[in-house]
Every structure is written in structure tokens, then in C-alpha cells.
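One-letter residues, chain by chain:
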Amino acid sequence: MISQANFVGKYQVAVNNFTQLTPYITRYEPILINELFGVELAIDFNADPDDDIWDDVKAIGFGLESLLTGMVYFQYVRDLPYRVTNMGVVYNMDENSMNVMPALTLRQRYNECVNDWNEMAKYLRDNFENYKGIKKKYITD
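Residues numbered from 1 in each chain as written. Predicted model: local features only at pLDDT ≥ 70, side-chain atom pairs only at ≥ 80, totals over all residues. Heavy atoms only, no water.

**Structural notes on the overall build of the protein chain**
Working step 1: The number of helices and strands found in the protein chain is 5 helices and 3 strands.
Working step 2: In sequence order, the secondary structure elements of the protein chain are arranged as α-α-α-α-β-β-β-α.
Working step 3: The proportion of buried residues among the 141 residues of the protein chain is 39%.
Working step 4: For the protein chain, contacts bridging at least 24 residues in sequence account for 62% of all contacts bridging at least 6.
Working step 5: In the structure as shown, the protein chain presents an accessible area of about 8700 Å², 50% of it carried by carbon and sulfur atoms. (Helix = DSSP H or I, 4+ residues; strand = E, 2+ residues; numbered from the N terminus. Buried < 20%, exposed > 50% of the residue type's maximum accessible area, 1.4 Å probe, protein only. Contact = heavy atoms within 4.5 Å. Areas by Shrake-Rupley, 256 points an atom, 1.4 Å probe, with all protein chains shown as cover.)

Below is the structure:
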């Protein structure tokens, strides 16, 4: 469903010979779909994701692709060789650190995805009897 091409704009990732984004997509996309839809409903979705019955859920918030991109982005960025400090996300350089991305920004992006996630989960719960997905929690501090 998503690829490296989805990682633009606020989810932009530097793509070079060292970028390991594709393994993150391969690993986390199926997990996220199973968590969002529940295993049984995820099987139905994966069997035909272009079926019209999924159009409404895919359009909630910023859309399913954006949601999956944001969630994979979060997993990827938090694993980069940076440290999260009270000054934000920093890259170690000798004895000093350089500010790369404030932790607040990463948290805000994740929480935006959680908003969409929970809206999609509510729609699925209200419209599919076999829904057994999970609710995501916000990062507060």
C-alpha cells in the first residue's frame, strides 16, 4: 500500500544508500493494518483493498495511506542514530550535540496519526461486526 514515495512533506526522510526505510515499511505496515482492522477484518481488507466497502475508512482524516506513512515514519525516525533529550532529538557529534528535530514535533506527528487511527477504528467498530482492532494512545510526555 505505501512505499518510499509516500515519505514526502512532513514525513520526508532523506533517501540515500544508508536509508533502511523499505524494511520498516515491510515490517510495520502489516502489523499496523492488523492492529487497526483486527486480524479477521484485515484479512478481508488485504484480500481486496480496492473494494468500494473500504473507500470511507480509507478517506477518514488524512487518509489510510497518510496514517500508515506517519506510523511507519515514527518507528523509523525514533530508531535513527539520534538521541532524544530535553533539548529535542540530537545527533551526537564528538562532545557536542546538534539539534535535529524537536521531540515535540515527532510527538505531534504521532498524535495526529493517533487522531486518524481512532477515527478509523470508530468507523470500523460501528460498521463491521467482525471488527477487533485496537485503540492507540497518545504520547503525552
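**Observations concerning the packing of aromatic side chains**
Working step 1: Enumeration over the complete set of coordinates arrives at 8 aromatic pairs.
Working step 2: Here Tyr24 and Tyr76 contribute two aromatic rings whose centre-to-centre distance is 5.2 Å and whose plane-to-plane angle is 90 degrees, an arrangement assigned as edge-to-face. With Tyr24 in helix 1 (residues 21-37) and Tyr76 in helix 4 (residues 64-78), this pair connects stretches of sequence that are 52 residues apart. This pair shows no difference in class: Tyr24 is buried, exactly as Tyr76 is.
Working step 3: A connected cluster of aromatic rings, assembled from ring pairs, spans Phe37, Phe45, Trp54 and Phe128.
Working step 4: Between Lys10 and the ring centre of Phe62, over which it is positioned, the NZ or CZ distance is 5.2 Å. (Phe/Tyr/Trp six-rings, centres within 6.5 Å; stacked < 30°, edge-to-face > 60°. Lys NZ or Arg CZ within 6 Å of the ring centre and 35° of its normal.)

**Notes on the side chain of Asn111**
Working step 1: In this structure, Asn111 sits in helix 5 (residues 103-127).
Working step 2: Once residues within four sequence positions are removed from consideration, Asn111 is found in contact with Tyr138 and Ile139.

**Quick notes on a negative patch on the surface**
Working step 1: Negative charge collects at one region of the surface, where Asp48, Asp50, Asp52, Asp55 and Asp56 lie side by side.
Working step 2: Relative to the helices and strands, Asp56 is located in helix 3 (residues 55-59).
Working step 3: Asp56 sits in the partly exposed class, given a relative accessible area of 48%. (Patch = residues over 30% accessible without salt bridge, like charges linked within 9 Å, V, L, I, M, F, W, Y side chains within 5 Å. Salt bridge = Lys/Arg side-chain N within 4 Å of Asp/Glu carboxyl O. Lys, Arg positive; Asp, Glu negative; His and termini not counted. Charge placed at Lys NZ, Arg CZ, Asp CG, Glu CD.)

**Remarks on the nonpolar core**
Working step 1: In this structure, Phe7, Phe37 and Leu124 are the most contacted members of the largest nonpolar core, which totals 37 residues.
Working step 2: Of all the secondary-structure elements, those providing two or more residues to this core are helix 1, helix 2 (39-47), helix 4 and helix 5.
Working step 3: Not counting the four nearest positions on each side in its chain, Leu124 is found in contact with Leu36, Phe37, Leu41, Trp54, Val57 and Tyr131. (Core = buried A, V, L, I, M, F, W, Y, C linked by side-chain atoms within 4.5 Å.)

**Concerning the confidence of the model for the protein chain**
Working step 1: Scored by pLDDT, the protein chain comes out at a mean of 87, with 83% of its residues at no less than 70.
Working step 2: Mean pLDDT across the elements of the protein chain ranges from a minimum in strand 1 (residues 83-85), with 55, to a maximum in helix 2, with 97. (pLDDT = per-residue confidence, 0-100.)

**Re the pattern of salt bridges**
Working step 1: Using the criterion set out here, one finds 3 salt bridges in the structure.
Working step 2: Across the pair Lys136 and Glu35 runs a salt bridge whose closest N-O atoms are separated by 2.8 Å. Residue Lys136 is found in the segment after helix 5, and its partner Glu35 is found in helix 1; the two are separated by 101 residues along the sequence.
Working step 3: The class of Lys136 is buried, set by a relative accessible area of 16%.

**Considerations on the environment of Tyr24**
Working step 1: Residue class for Tyr24 comes out buried when judged on its relative accessible area of 18%.
Working step 2: The sequence separation of Tyr24 and Tyr73 amounts to 49 residues, and the corresponding C-alpha distance is 8.6 Å.
Working step 3: Setting aside residues no more than four positions away along its own chain, Tyr24 makes contact with Glu29, Val72, Gln75, Tyr76 and Asp79.
Working step 4: In terms of polar contacts, Tyr24 uses its side chain to reach the side chain of Asp79, at 2.8 Å. (Polar contact = N/O pair within 3.5 Å; in protein donor to acceptor, adjacent residues only side chain to side chain.)

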